[in-house]
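# Structure assessment
Chain residues, written in single-letter form:
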Amino acid sequence: MPTLLKVHGSQNQFFILDQTTLDQPLTDPELRQLTQQVTNPQTGLLGGADGVLVVDRPFRPGAQAQMRVINADGSEATMCGNGLRTVARYVANRDQLDQFKVDTKDASLRVRKQDDLAPGVPAFAVEISPVRFAKDALPFDNLGHDRLLDTPAPELWPRLRFNAIAVPNPHLISFVDRPALQDDVLGVIGHRLNGKNPYFNDGVNVNFAHILGHNQLFVRTYERGVGFTNACGTGMSATSLAFVLLYPEAADFDQPIEVFNPGGKVRTIVHFQNQEYWIELIGNATFTHEIVVDEADLHRAAVQTDECQITTTGEQAAYQAFVSQLPQLGLID
Ligand SMILES: N[C@@H](CCC[C@H](N)C(=O)O)C(=O)O
């Protein structure tokens, strides 16, 4: 019988489904329906999740596997940084490899096993690229600019300055003070730009960042296709790039940046090589549950917690012990 894995990177929760283990792979409409069903926080599996990561055979030469990202609302994203770390661990275990490439929609990305973050907290480093700033890459429109880099955009929110970076999924980033992190502005902007609006017609992930110190950030994200999330890997990566570009006195290229988030902490390293930016994202790849499912239930999007054989891995306790020794920042409730 096939197995779903419940996993997380910085508590950004997913189910991993390996299509190569099924007698009959799910079609795209079936994947969308399954994702909407299992991720639902009330009626889904094990309290739901932010999306489903679909593992499949690679489609570019030199890659070991393919990852597709289905958001909780059934839309498909080009990339997922936290998710890629967990898929990297899954493929590394399956194929007994420490480093390889994973095909994502727009690129084959390098992944590499790292030392555990703490006892029982496995970690992977993943490549986040390609990076684009042009408005067509996100896309956005009607803001009077071809790119947003520390740019006021009163149409989006008065008094804030914005950065728009595709990595390659689209991110809007604003550096804010402590009170702005805590009030509801992020939710209002995120909700508006992910509904029908004249600016981001495919929606956008919205990140608020607060500078904590040299090479130290806190990032909170409202995700396209999801809503508020505990952490967004591509968001923290795009925000780290904006950090080194806008605040050269506070952040360095090629040096680890500590990025705290509501679900824990990751490290990023921003590079500029061969005239291109790319970011390394390093963090936990935690497996919390193994769920044995009936393949027919996957096809009919009817996977219920009380009808599956579920094994708890015990890794969540180790992750919580790791989080409990992080500084208590008290930035959001
Ligand atoms: N949480 C992810 C990003 C998932 C995709 C996003 N919702 C989108 O639609 O672009 C991450 O860790 O990067």
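Residues numbered from 1 in each chain as written. Predicted model: local features only at pLDDT ≥ 70, side-chain atom pairs only at ≥ 80, totals over all residues. Heavy atoms only, no water.

As annotated in an unreviewed UniProt entry, the protein carries the name Diaminopimelate epimerase and comes from Limosilactobacillus pontis. Heading Subunit (unreviewed entry) of the UniProt record for the protein holds this comment: "Homodimer." Check the Catalytic activity (unreviewed entry) section of the UniProt entry for the protein; it says "(2S,6S)-2,6-diaminopimelate = meso-2,6-diaminopimelate". (UniProt positions renumbered as here; feature names shortened; annotations may be inferred.)

## Digging into the pattern of salt bridges
Summed over the entire model, instances satisfying the criterion amount to 13 salt bridges. Among the salt bridges present, the one from Asp95 reaches Arg94, with a minimum N-O distance of 2.9 Å. Of the charged contacts in the structure, one is a salt bridge between Arg300 and Asp297, with a shortest N-O distance of 2.7 Å. The exposed category is assigned to Arg300, whose relative accessible area is 55%. Take Asp297: its relative accessible area is 13%, and that puts it in the buried class. Through salt bridges with shared partners, one network takes in Asp18, Arg94 and Asp95. (Salt bridge = Lys/Arg side-chain N within 4 Å of Asp/Glu carboxyl O. Buried < 20%, exposed > 50% of the residue type's maximum accessible area, 1.4 Å probe, protein only.)

## What about empty space enclosed by the protein?
With the rule as written, the count across this model stands at one cavity of 30 Å³ or more. Of the voids in this model, the largest cavity is the one considered here, and its volume is about 130 Å³. Those elements that place two or more of their residues in the lining of the largest cavity are strand E2 (12-18), strand E4 (65-71) and helix H5 (233-246). Element by element, the count of residues in the lining of the largest cavity is highest for E4, at three residues. Residue classes in the lining of the largest cavity are distributed as seven nonpolar, eight polar and three charged. (1 Å grid on protein atoms, 1.4 Å probe; cavity = no way out; pocket = protein on both sides within 12 Å on 5 of 7 lines; lining within 4 Å. Points joined across faces, edges and corners; volume = space filled by probe spheres on them. Helix = DSSP H or I, 4+ residues; strand = E, 2+ residues; numbered from the N terminus. Nonpolar A, V, L, I, M, F, W, Y, C, P; charged D, E, K, R; others polar.)

## Quick notes on the site of the ligand
Taken together, 14 residues sit near the ligand, with Gly81, Glu223, Arg224, Gly233 and Thr234 positioned nearest. The separation between an oxygen atom of the ligand and a polar side-chain atom of Asn205 is 2.9 Å. Within the contact set of the ligand, a nitrogen atom lies 2.5 Å away from a side-chain nitrogen or oxygen of Glu223. Protein chains bury 100% of the 360 Å² of accessible surface belonging to the ligand in isolation. Applying the majority rule of atoms within 2 Å of the grid points places the ligand in the largest cavity. Taken together, the elements giving at least two residues each to the shell around the ligand come down to helix H2 (81-95) and H5. Of the residues contributing to the shell around the ligand, the split by class is four nonpolar, eight polar and two charged. A domain-level breakdown of the shell around the ligand finds at least three residues from each of domain 1 (3-128 + 284-324) and domain 2 (135-275). (Near = heavy atom within 4 Å. Polar contact = N/O pair within 3.5 Å; in protein donor to acceptor, adjacent residues only side chain to side chain. Areas by Shrake-Rupley, 256 points an atom, 1.4 Å probe, with all protein chains shown as cover. Sits in = over half its atoms within 2 Å of the grid points. Domains from an automatic or database assignment.)

## Focus: unusual backbone geometry
Trans is the common state for peptide bonds, and a negative phi is the common state for residues other than glycine. Cis geometry marks the peptide bond from Ser129 to Pro130, where omega comes out at -5°. Relative to the assigned elements, Pro130 resides in the loop between strand E8 (121-128) and strand E9 (151-152). With an omega of -10°, the peptide bond running from Val167 to Pro168 counts as cis. By secondary structure assignment, the location of Pro168 is in the loop between strand E10 (161-166) and strand E11 (170-175). Although it is not a glycine, Gln11 sits at a positive phi angle of roughly 65°.

## Some remarks on the packing of aromatic side chains
Given two aromatic rings, one states the distance between the centres and the angle between the planes to describe the pair. Counted by the stated rule, this structure contains nine aromatic pairs. With a centroid separation of 6.2 Å and an interplanar angle of 55°, the aromatic rings of Phe243 and Tyr247 are classed as tilted. On the accessibility criterion, Phe243 (0% relative accessible area) is buried. Owing to a relative accessible area of 24%, Tyr247 belongs among the partly exposed residues under this scheme. Geometrically, the ring pair formed by Phe253 and Tyr277 is stacked, given 6.2 Å between the ring centres and 15° between the ring planes. On the criterion of sequence distance, the pair formed by Phe253 in the loop between H5 and strand E15 (257-261) and Tyr277 in strand E17 (residues 276-284) is long-range, its members being 24 residues apart. Among the residues examined, Phe253 registers a relative accessible area of 32% and is labelled partly exposed. In textbook terms, an aromatic cluster arises when at least three aromatic residues are bridged by ring pairs, as seen for Phe133, Phe253, Phe272 and Tyr277. (Phe/Tyr/Trp six-rings, centres within 6.5 Å; stacked < 30°, edge-to-face > 60°.)

## Looking at the nonpolar core
Counting residues in each nonpolar core, the largest one holds 52 residues, and the members touching the most others are Ile16, Leu53, Met67, Leu84, Ile165 and Leu241. Among all residues touching Ile165, those that are not within four sequence positions of it are Val131, Arg132, Phe133, Leu138, Pro170, His171, Ile173, Ala238, Leu241 and Ala242. Grouped together as the second largest cluster of nonpolar side chains are 27 residues, Leu138, Leu143, Leu160 and Leu172 included. (Core = buried A, V, L, I, M, F, W, Y, C linked by side-chain atoms within 4.5 Å. Contact = heavy atoms within 4.5 Å.)

## Here we look at the layout of surface pockets
In this model, the largest pocket occupies a volume close to 280 Å³. Along its surface, the largest pocket is lined by 15 residues, and Phe218, Asn261, Pro262, Gln328 and Leu329 are the ones closest to its centre. When its residues are assigned to classes, the lining of the largest pocket shows nine nonpolar, five polar and one charged. A volume near 220 Å³ is recorded for the second largest pocket. Taken together, 15 residues form the lining of the second largest pocket, with Thr39, Pro41, Gly48, Ala49 and Asp50 sitting closest to its centre.

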